[in-house]
Amino acid sequence: MLQFEAKPERPDPVYAHKLQELIGGAYGEMTVTMQYLFQGWNCRIEGKYKDLIMDTATEEIGHVEMLATMVARLLEGAPATATAEAVKDPVMAAVIGGMDPQQAIVAGGGALPADSNGYPWNGKFIVASGNLLADFRANAAAEAQGRLQTARLYNMTDDPGVKEMLKFNLARDTVHQKQWLRAIEELEADGLETDVAPSALFDEENQEHNHTIWHLSDGPDGNKGGWSTGEDRLDYLMDPKPLGGPGTAPKPDPALYGTYSATQDTVGVVKGKAQEVKNKLS
Ligand SMILES: [Fe+2]
Ligand SMILES: [Fe+2]
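Just so it is clear, the model here is predicted, and its values are computed rather than measured.

Side note on the overall build of the protein chain
Scanning the protein chain from terminus to terminus reveals nine helices and two strands. Element order for the protein chain, N to C, with α for helix and β for strand: α-α-α-α-α-α-α-α-β-β-α. A buried classification covers 23% of the 282 residues belonging to the protein chain.

In structure tokens:
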């Protein structure tokens, strides 16, 4: 059974192509499914956090299923063979022009594990670091991007059946954003994490540079934000100076054939300057 109904009123192969973004896009349901599954499997503490992660992972599998079903139904009757004949009809030509041919050729009129441009879903889209604070922030961000894209797709159709399903998806993305934000607060309340991930090495990190924002662009208003006022403010460094020397790479390995001149690398320039001084002195 589907978690929610996925019944379009009529086929729409162009929209089926667009919906691929919510399945196999960087912020699609495949991403949140695999992201939450791996976070759950890698979670080192039993209990509420792991169970929340696994509950949500399982729900996201259901969203992949709903969208894949919706895509197959939107492709119902879509021309797969009679293209030449069909394009004579201007309406059909437009439809075919926007179709994803792989949905017919590869998936036999169904959904693909790919985005709306056909780019295949990729395991690199997911974040599962083992640090729950870092991961929950990535989760809230993924749900925000997912809800944004769902909202945009909601405005690209007037099919009541599609809209009904997307209304459900929007609602679930609302809940998921809120739950991850709440879970972040709870990690802090439980003393497991602070507001910076990982909550470690605070004494070791550079103490002079752990509370300053560097004014490095031409934009003059960065220091007008709330982040640079109040007790917990981040100080704005209005005229920062470089702390390091020239970022010159070392002499290349001759076997790698990097363009190189001994007299023009940093070491050569310094040597040349030293020689100049020596000459003046003698
Ligand atoms: Fe989802
Ligand atoms: Fe979600």
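So much for the structure itself; the text now carries on.
Considerations on the UniProt feature "binding site: Mn(2+)" (unreviewed entry) in the protein chain
As annotated in UniProt, the feature "binding site: Mn(2+)" (unreviewed entry) corresponds to E29, E60, H63, E143 and H176 in the numbering used here. Separation in sequence by 148 residues is not matched in space for these annotated residues, since their most distant C-alpha atoms are only 12.9 Å apart. With respect to the secondary-structure elements, E143 resides in helix 7 (residues 132-154). Residues in contact with E143, not counting those within four places in the same chain, are D173, H176, Q177 and W180. Given 22 C-beta atoms within a 10 Å radius, H176 is considered buried. The residues contacting H176, other than those within four sequence positions of it, are T56 and E143.

Quick look at the packing of helix 1 (residues 13-24) against helix 3 (residues 48-74)
Here helix 1 crosses helix 3 at 165°, and the two axes come no closer than 9 Å. Comparing the axis directions of helix 1 and helix 3 gives the class roughly antiparallel. Viewed along their axes, helix 1 and helix 3 form a crossing whose handedness is left-handed. Taken together, the residues of helix 3 that come into contact with helix 1 (itself represented by P13, Y15, A16, L19, L22 and I23) are V64, L67, A68, M70, V71 and L74. Taken together, the residues of the contact of helix 1 with helix 3 break down into 12 nonpolar, no polar and no charged.

Brief notes about the nonpolar core
Ranked by internal contacts, the top residues of the largest apolar core, which has 22 residues, are L19, I23, L67, M70 and V71. Looking at this core, the elements with two or more residues in it are helix 1, helix 3 and helix 8 (160-189). When residues in this core are grouped by element, the largest group, seven residues, is from helix 3. Ignoring any residue separated from it by four or fewer positions in sequence, one finds L19 in contact with L67, M70, V71 and L153.

Considerations on the UniProt feature "binding site: Ca(2+)" (unreviewed entry) in the protein chain
With numbering aligned to this structure, UniProt lists the feature "binding site: Ca(2+)" (unreviewed entry) at D51, D55, S217 and G219. Topologically, S217 is positioned in the loop between strand 1 (212-214) and strand 2 (235-237). Owing to 7 C-beta atoms within 10 Å, S217 belongs among the exposed residues under this scheme. Here G219 lies in the loop between strand 1 and strand 2. Among the residues examined, G219 registers 7 C-beta atoms within 10 Å and is labelled exposed.

Regarding the environment of P252
Mapped onto the fold, P252 is located in the loop between strand 2 and helix 9 (266-281). Not counting residues up to four positions away in its chain, the partners in contact with P252 are G258 and Y260.

Some words on unusual backbone geometry
That bond from A197 to P198 is cis: its omega, -15°, falls within 30 degrees of zero. Residue position: P198 is located in the loop between helix 8 and strand 1. The phi angle at L201 is positive, at roughly 65°, despite the residue not being glycine. The residue L201 is located in the loop between helix 8 and strand 1 in this model.

Some thoughts on the packing of helix 7 against helix 8
The interhelical angle for the contact between helix 7 and helix 8, taken along N-to-C directions, is 160°, at an axis separation of 9 Å. For the element pair helix 7 / helix 8, the angle class is roughly antiparallel. Where helix 7 crosses over helix 8, the handedness of that crossing is left-handed. Class assignment of the residues belonging to the contact of helix 7 with helix 8 gives a composition of 15 nonpolar, seven polar and five charged.

Here we look at helix 1
Owing to its 3.6 residues per turn, the α-helix brings residues three or four apart onto one side. Along its 12 residues, helix 1 runs 17 Å from first to last C-alpha, staying within 8% of the 16 Å computed at 1.5 Å per residue. Burial analysis of helix 1 places 10 of its 12 residues in the buried class, which makes it a mostly covered element. Looking only at helix 1, the buried set comprises P13, Y15, A16, H17, L19, Q20, E21, L22, I23 and G24.

What counts and how
Residues numbered from 1 in each chain as written. Chains lettered and ligands numbered in written order. Predicted model: local features only at pLDDT ≥ 70, side-chain atom pairs only at ≥ 80, totals over all residues. Helix = DSSP H or I, 4+ residues; strand = E, 2+ residues; numbered from the N terminus. Buried ≥ 20, exposed ≤ 12 C-beta atoms within 10 Å, placed from the backbone. UniProt positions renumbered as here; feature names shortened; annotations may be inferred. Contact = placed C-beta atoms within 7 Å. Axes fitted to C-alpha atoms, helices over the stretch in contact; angles between N-to-C directions. Parallel < 35°, antiparallel > 145°, perpendicular 65-115°, else oblique. Left-handed = near helix turned anticlockwise from the far one by under 90°. Nonpolar A, V, L, I, M, F, W, Y, C, P; charged D, E, K, R; others polar. Core = buried A, V, L, I, M, F, W, Y, C linked by C-beta atoms within 7 Å. Expected span 1.5 Å × (residues − 1).

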